[in-house]
Amino acid sequence: MSSTRERRTFRPLIYTVAFGDNTYFECLNIMLISLLEFGDFNGNIAIVSDREAEDVIPYIPRQYRSRIHFEKVDHINIYQRYIISSHIFDDYSPIMYLDTDVVVDADIESILRGVLEADGVCVTTESSGYPELASSKIADVIDSRRIGNWFGLELCRADPECAQRFLPCANSGIIGYKDAEFFRPVGGQVARLCQDPTNQELIRWFGDQPILNYVLVRTQTADTESLDNRCKFVREWDQYVGEPSGFRHFVWSRGIDKVQQMASYLIQLRKARVLDIEQTTTLQPIKEYSAYTKEKLEISPYIFIVTSALGTNQGVFSPKERLAQTLRTTRSIKNHVPESFIILVDSSSMPLNPGYEDEIRAEVDIAVFLNSLNPGLHLSRDLGGFWKTSDYSKTLSETYSLIHALSLIKVISSGKFNKRIFKISGRYQLSDGFDINRYASDKMLGKYVFKRRGHPWLEGTDGYFDTRLWSLCSTTINSALEILSSILASSIDNSLDAEHSYFRKFPHERVYEVATIHVAGQIASTGEELSE
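Quick summary incoming for the structure in this document.

## Topic: the overall build of the protein
- A count of helices and strands for the protein gives 18 helices and 20 strands.
- Summing over all exposed atoms, the protein offers an accessible surface of approximately 23400 Å²; the carbon and sulfur share of this is 49%.

## Brief notes about the side chain of Ser-479
- Of note, Ser-479 is situated in helix α17 (residues 477-494).
- A distance of 2.9 Å separates a polar atom in the side chain of Ser-479 from the backbone oxygen of Thr-476.
- Dropping the residues within four chain positions of it, Ser-479 is found in contact with Tyr-448 and Arg-510.

## A look at the sheet that holds strand β17 (residues 469-473)
- With mixed pairing, seven strands are arranged side by side in an open sheet as β13-β12-β11-β14-β17-β16-β18. Both edges of this open sheet fall to β13 (366-369) and β18 (511-514), since each of them pairs with a single strand only. Between one strand axis and the next, the sheet turns by 20 degrees as a mean value, whatever way the strands run.
- Alignment of strand β16 (residues 448-451) against β17, held across two bridges, turns out to be antiparallel. Note that in β17 the partner of Val-449 across the bridge is Ser-471.
- Docked against the sheet, helix α13 (residues 319-336) engages β11 (302-308), β12 (340-346) and β14 (420-425), running at close to 160 degrees with respect to β12.

## As for helix α4 (residues 109-117)
- Every buried residue belonging to α4 is among Ile-111, Leu-112, Val-115 and Leu-116, and all of these are buried. Buried residues of α4, viewed axially, fall in a sector of 145 degrees; they line one side.

## Re the sheet that holds strand β9 (residues 231-233)
- Here three strands make up an open sheet; going across it, the order is β5-β10-β9 and the pairing mixed. Edge positions in the open sheet fall to β5 (102-104) and β9, since each of these has one partner strand only. This sheet shows a mean twist of 20 degrees between the axes of neighbouring strands, independent of strand direction.

## Section: helix α8 (residues 180-195)
- Over its 16 residues, α8 extends 21 Å from the first C-alpha to the last, a length consistent with the 22 Å expected when each residue adds 1.5 Å.
- Every buried residue belonging to α8 is among Ala-180, Phe-182, Phe-183, Val-186, Gly-187, Gly-188, Val-190, Ala-191 and Cys-194, and all of these are buried.
- The inward-facing, buried residues of α8 contact β4 (95-98), β6 (121-125), β7 (170-177), α9 (200-206) and α10 (209-219).
- Put simply, Asp-179 is the residue that caps the front of α8, since its side-chain oxygen is 3.4 Å from the backbone nitrogen of Glu-181.

## A closer look at the environment of Tyr-292
- Relative to the helices and strands, Tyr-292 resides in helix α12 (residues 291-299).
- Once the C-alpha coordinates of Tyr-292 and Asp-365 are considered, the two residues, 73 residues apart in sequence, prove to be 10.0 Å apart.

## Side note on the pattern of salt bridges
- Under the defined criterion, the tally for this structure stands at 19 salt bridges.
- Notably, a salt bridge pairs Glu-201 with Arg-204, separated by 3.0 Å at the nearest N-O pair. With Glu-201 and Arg-204 both in helix α9 and three residues apart, this pair spans about one turn of that helix.
- Given a relative accessible area of 45%, Glu-201 falls into the partly exposed group.
- The class of Arg-204 is exposed, set by a relative accessible area of 57%.
- Between Arg-468 and Asp-466 there is a salt bridge; the shortest N-O distance is 2.9 Å.

## A few points about the environment of Ser-93
- Note that Ser-93 resides in the loop between β3 (68-72) and β4.
- Looking at Ser-93, the relative accessible area reads 0%, which means it is buried.
- As a C-alpha pair, Ser-93 and Arg-113 span 20 residues in sequence and 9.4 Å in three-dimensional space.
- In terms of polar contacts, Ser-93 uses its side chain to reach the backbone carbonyl oxygen of Lys-178, at 2.4 Å.

## Here's the deal with the packing of α13 against helix α14 (residues 354-363)
- Where α13 meets α14, the closest approach of the two axes is 10 Å, and the angle between their N-to-C directions is 5 degrees. Classed by the angle they form, the pair α13 and α14 counts as roughly parallel. Each of Pro-319, Lys-320, Leu-323, Thr-326, Leu-327, Thr-330, Arg-331 and Lys-334 in α13 lies in contact with α14, whose residues at this interface are Tyr-356, Glu-359, Ile-360 and Glu-363.
- Looking at side-chain class alone, the contact of α13 with α14 contains five nonpolar, two polar and five charged residues.

## Focus: the packing of aromatic side chains
- Scanning the model with the defined rule gives 21 aromatic pairs in all.
- Among the aromatic residues, those joined into a cluster by ring pairs are Tyr-448, Phe-450, Phe-465, Trp-470, Tyr-502, Phe-503 and Phe-506.
- When the ring centre of Phe-10 is taken as reference, the NZ or CZ atom of Arg-113 above it lies at 3.9 Å.
- Just above the ring of Tyr-428 sits the side chain of Arg-427; from NZ or CZ to the centre is 5.5 Å.

## Some remarks on the pairing of β13
- Residue alternation in β13 divides its side chains into two sets, Ile-366 and Val-368 and Ala-367 and Phe-369, and both sets are buried.
- Both β12 and β13 contribute to a ladder of four bridges, which runs parallel. Among the inter-strand pairings, Asp-346 is bridged to a residue of β13, identified as Phe-369.
- Following the backbone out of β12, through α14 and into the adjacent parallel β13, one traces a crossover that is right-handed.

Procedures and definitions
Residues numbered from 1 in each chain as written. Predicted model: local features only at pLDDT ≥ 70, side-chain atom pairs only at ≥ 80, totals over all residues. Heavy atoms only, no water. Helix = DSSP H or I, 4+ residues; strand = E, 2+ residues; numbered from the N terminus. Areas by Shrake-Rupley, 256 points an atom, 1.4 Å probe, with all protein chains shown as cover. Polar contact = N/O pair within 3.5 Å; in protein donor to acceptor, adjacent residues only side chain to side chain. Contact = heavy atoms within 4.5 Å. Pairing = 2+ DSSP bridges. Axes fitted to C-alpha atoms, helices over the stretch in contact; angles between N-to-C directions. Buried < 20%, exposed > 50% of the residue type's maximum accessible area, 1.4 Å probe, protein only. Arc of directions from axis to C-beta. Expected span 1.5 Å × (residues − 1). Salt bridge = Lys/Arg side-chain N within 4 Å of Asp/Glu carboxyl O. Parallel < 35°, antiparallel > 145°, perpendicular 65-115°, else oblique. Nonpolar A, V, L, I, M, F, W, Y, C, P; charged D, E, K, R; others polar. Phe/Tyr/Trp six-rings, centres within 6.5 Å; stacked < 30°, edge-to-face > 60°. Lys NZ or Arg CZ within 6 Å of the ring centre and 35° of its normal. Right-handed = clockwise from strand over helix to strand, strands pointing away.

Set out below in structure tokens:
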């Protein structure tokens, strides 16, 4: 496939090389998660490793597993990134190599398109940190800090063709090029020089990076403009706090500390995104709602928020069964509280049958299908271990759904006529004993109402609040939003489920506990009948 033809088609490939102990593969996992969540990269991935594919798969986010090319190399080495002999590379343009210790913190589509249009090998440069190496011709550089060999200074100085040029100070952790045909000659030179016995001592101390710089200078193919200011080189996650630049390369941290620093930065990115989306998410669709809908929300004394996940691969119920159960939820609300306003927020992890959405919209006043727009859902997918179980992943996606719904209510309604806002989990129904008049008691004014606290099942906790049905006085909507945002953040930090998080975060002096909430349904994970 010709270079000219490839440049007309944007079909990017990201690849990496992973070998060594498990810490390198844990870094791989974080790098790929960041590429998915914040790089917004939905293309294909290639992984070159000395491990079998089945041993690498656990480190790959589920969304990428069907788009992974594996290449096993038995005797792998540090210069493997330059050897792109596999035919799979011929099918893509542009191509970008990422070290496993890179966290992607911004959408990289524009970066990749810039690489596609570039005429050289796109690299990140550390020249701003070492201006004495990059500001003079190589022959004139005064290496007072004796760090020039990290960037091949002596190799270049010894070559008359290079000595009168400038050192790019290229870091070998991110390398982009328009296609394999263009890069193979350059990469081939780097690989050959890395294998040359005369360079082994240099490589032992400084790795492959000096060789890369030398070849880029000799071939005059270095492009440091395309990735200019796109990468921060750090030791710790909170260095250079500010707007994400595209890449954060944890080049100075080592071993398990590297993994922890990368993970901490990923968590910080997630928190920042949740707060950002929380502030803006409900402002866009407000105009879509009719005057009648807005008026009804304004004057309805009781508002019910139904949190739903119709399409999911968790639990024993199919989407069709979940739809039927959720329709029973909405009808039970109408039967018991005819003057209510119903908002349903669905956070399905799988695409829904359009007919299902139409059926839901016909039954409720406002239906919001967040799907992939729910950051809590993305968080639960890839945090790992604890959060991959259905009960705990529900905490993040459901809590954000509530934040979304309450923010929507706050924007549309003045709250003058709203008395109480209920949250009920989809698929559960209000049972015959439910009486809305019980919630008119003065004792519940300004209070959050939960079922009487249960005995905790986690050590170090004093109790939990059931979250299938609970409610808040409409006068507490602002404080409720603050508490829910705090629950979202603390749940991530402390790996805590909703029930125990709610117990910890809601001020007990403002909680009114009732013996029975009068809700019935089936538990999703087992199908067991429940009535409480």
